[in-house]
Amino acid sequence: MLDFMDHVQNAFYSSTKWNTDNSYSTLNASTRALLDFPTPRGLRMHLSSLSTPNFATAYTLGSLSVIDGSLSYLYSSIPLSLSRSKSVDLRLLSPGYRQLLPFLTPTPSNATLLYGRIDNRLKHGGTIMAMLQHDKGKWCSEYLYSTDVALLGWRGLYNFGPAEPVQDGDKPVGRFSGGAEVYYGVLNKSAGMSAGLRYTTLPSHPGIPLTMTLTLNPLMGHLSATYAVRAGNSAVFASRFEFNMFSYESDIVLGAEVWRHKGEEGMEGMLKAKVTQNGSLGLLWEGRVKELLFSVGGLVDFRRREGVVKVLGVEMAYSS
């Protein structure tokens with residue numbers, strides 16, 4: 001389930017008309033949401049509130065071998081409006097298939113978002129990352145720097161064809177996008193790169209919405225092909241095939257997402273499942289009980305001798 005602060009950040013992007021899908025980092029967002037979804041670990045509770053239209057707070061308490069927690073604050077220079085946990089649309093909190101829209105050039109904005117979090121445990125002493133993103137609608141480029149091994153990086157995405165192709169009978173209406181990324185670690189003197197292509201249908205497409213991607217990491221010899229399709233308003237299916245040209249190892253992952261309706265009240269809950277060729281099964285159920293949101297999931301490996309259950313957890317969230 002999406003963290004409350006991420007939910008607030010998405011509301012900020014929506015208010016400022018910033019397109020988060022127009023980035024190379026989200027090229028495989030649809031299949032990642034269905035095949036790489038995180039499962040809860042242990043017991044965790046989230047309490048959050050948008051106390052004013054410009055200020056939000058969140059508290060998290062978890063128990064996994066040891067008790068840990070965090071305190072988060074967020075400030076937005078523009079007023080934001082969010083529904084409480086008892087009435088929020090669950091589709092906004094459970095990422096799934098991403099229906100891309102015709103790209104537009106963002107309008108200039110002076111809006112500011114400030115976020116901070118205090119943890120009782122900080123891994124590796126913490127890192128700082130800076131990113132500059134330039135979005136022109138037709139293309140988008142990003143420049144990154146991270147204090148972790150002094151990492152420098154660039155990634156870009158280009159959209160082929162017009163912003164909104166004209167529908168011609170029953171012909172598919174979609175968009176091809178291509179992108180790449182390169183990065184270099186100054187301290188460890190290591191480099192990396194990848195390139196990818198994506199085809200996705202647009203809202204005016206007369207058939208079933210679908211997304212296909214192909215990505216390649218030439219230095220590691222890694223090739224990945226994904227396919228995601230939305231079957232109606234209640235089900236999504238996805239698959240991914242990976243192959244390494246150096247070791248000849250391969251992997252296949254299949255996943256699905258099914259929503260449960262509750263009459264005119266909209267979506268009541270969602271079930272995600274994924275299975276790999278190595279005998280691993282992941283399950284995640286998210287829903288709402290009155291004013292409380294919950295997420296229950298686990299990861300099972302049928303080939304393990306010491307116990308098939310690898311991960312099992314429950315998360316609960318309440319926002320006001």
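The paragraphs below set out a description of the structure included in this document.

What counts and what doesn't
- The residue numbers shown here count from 1 along each chain, following its written sequence.
- Reporting in this predicted model follows two pLDDT cut-offs: at least 70 for local features of residues, and 80 or more for side-chain atom pairs to be given and counted; totals over whole chains, interfaces and linings ignore these cut-offs and use all residues.
- The side-chain values count all of the structure's non-hydrogen atoms but skip hydrogen atoms and water molecules.
- Secondary structure elements are defined from DSSP: runs of H or I of at least 4 residues count as helices, runs of E of at least 2 residues count as strands, and each element is numbered from the N terminus.
- Identification of polar contacts relies on pairs of N or O atoms within 3.5 Å, with a donor-acceptor requirement for protein atoms, meaning one able to donate a hydrogen and the other able to accept it, and with residues adjacent in sequence counted only if both atoms are side-chain atoms.
- Contacts between residues were defined by any pair of non-hydrogen atoms, one from each residue, lying within 4.5 Å.
- For the exposure calls, accessible area comes from a 1.4 Å probe over protein chains only, and a residue counts as buried if that area is under 20% of its type's maximum, exposed if over 50%, partly exposed in between.
- The definition of a nonpolar core used throughout is a set of buried Ala, Val, Leu, Ile, Met, Phe, Trp, Tyr and Cys residues joined through side-chain atoms within 4.5 Å.
- Each pair of aromatic rings taken from Phe, Tyr and Trp, with Trp reduced to its six-membered ring, is defined by centres within 6.5 Å and is described as stacked if the planes are under 30 degrees apart, edge-to-face if over 60, and tilted in the remaining cases.
- Only when the NZ atom of a Lys or the CZ atom of an Arg is both within 6 Å of the ring centre and within 35 degrees of the ring normal do we say a charge sits over the ring.
- If DSSP finds at least two bridges between two strands, the strands pair.

**Points about the side chain of S72**
Tracing the backbone through its elements, the reader meets S72 in strand β3 (residues 66-76). Side chain to side chain, S72 and Y115 meet in a polar contact 3.5 Å long. Residues within four places of S72 in sequence aside, it is in contact with M5, A56, T57, A58, Y115, G116 and R117.

**Thoughts on unusual backbone geometry**
Unusually for a residue other than glycine, K17 sits at a positive phi of about 60°. By the element assignment, K17 lies in the loop between α1 (4-15) and α2 (29-35). When its relative accessible area of 61% is taken as the criterion, K17 is described as exposed. You will see that Y248, though not glycine, has its phi angle at about 65°, which is positive.

**Here we look at the nonpolar core**
Within the largest apolar cluster, nine residues are counted, these being F4, M5, V8, F12, L50, A56, A58, L74 and L80. Where this core is concerned, the elements lending two or more residues are α1 and β2 (55-64). The greatest single-element share of this core, amounting to four residues, is contributed by α1. Judged by nonpolar contacts, the second largest core, of eight residues, contains L34, A228, V236 and A238.

**Considerations on the packing of aromatic side chains**
The full count for this structure, using the stated rule, is six aromatic pairs. Between Y158 and F160, the aromatic rings sit 5.1 Å apart at their centres with planes inclined by 75°, giving edge-to-face as the arrangement. An angle of 45° between the planes, with centres 4.8 Å apart, marks the rings of F176 and Y199 as tilted. Here F176, found in strand β8 (residues 174-185), pairs with Y199, found in strand β9 (residues 190-201); they are 23 residues apart in sequence, far enough to count as distant. The exposure class of Y199 is buried, given its relative accessible area of 15%. Across from the ring centre of F37, 4.8 Å away, lies the NZ or CZ of K274, which sits over that ring.

**Looking at the environment of P172**
Checked against the element boundaries, P172 lands in the loop between β7 (151-159) and β8. P172 gets classed as exposed once you look at its relative accessible area, which sits at 58%. Along the backbone, P172 and L210 are 38 residues apart, and their C-alpha atoms lie at a distance of 11 Å. The contacts of P172, once residues within four sequence positions are left out, are Y199 and H205.

**Digging into the pairing of β3**
Where β2 lies against β3, ten bridges are found, and the strand directions are antiparallel. Each bridged residue has a counterpart across the sheet, and for G62 the counterpart in β3 is D68. Here β2 hands over to β3 after one residue, with S65 in that stretch at a positive phi of 70°. Where β3 and strand β4 (residues 113-119) come together, seven bridges link them in antiparallel fashion. Residue pairing in the sheet places S76 in a bridge with L113 of β4.

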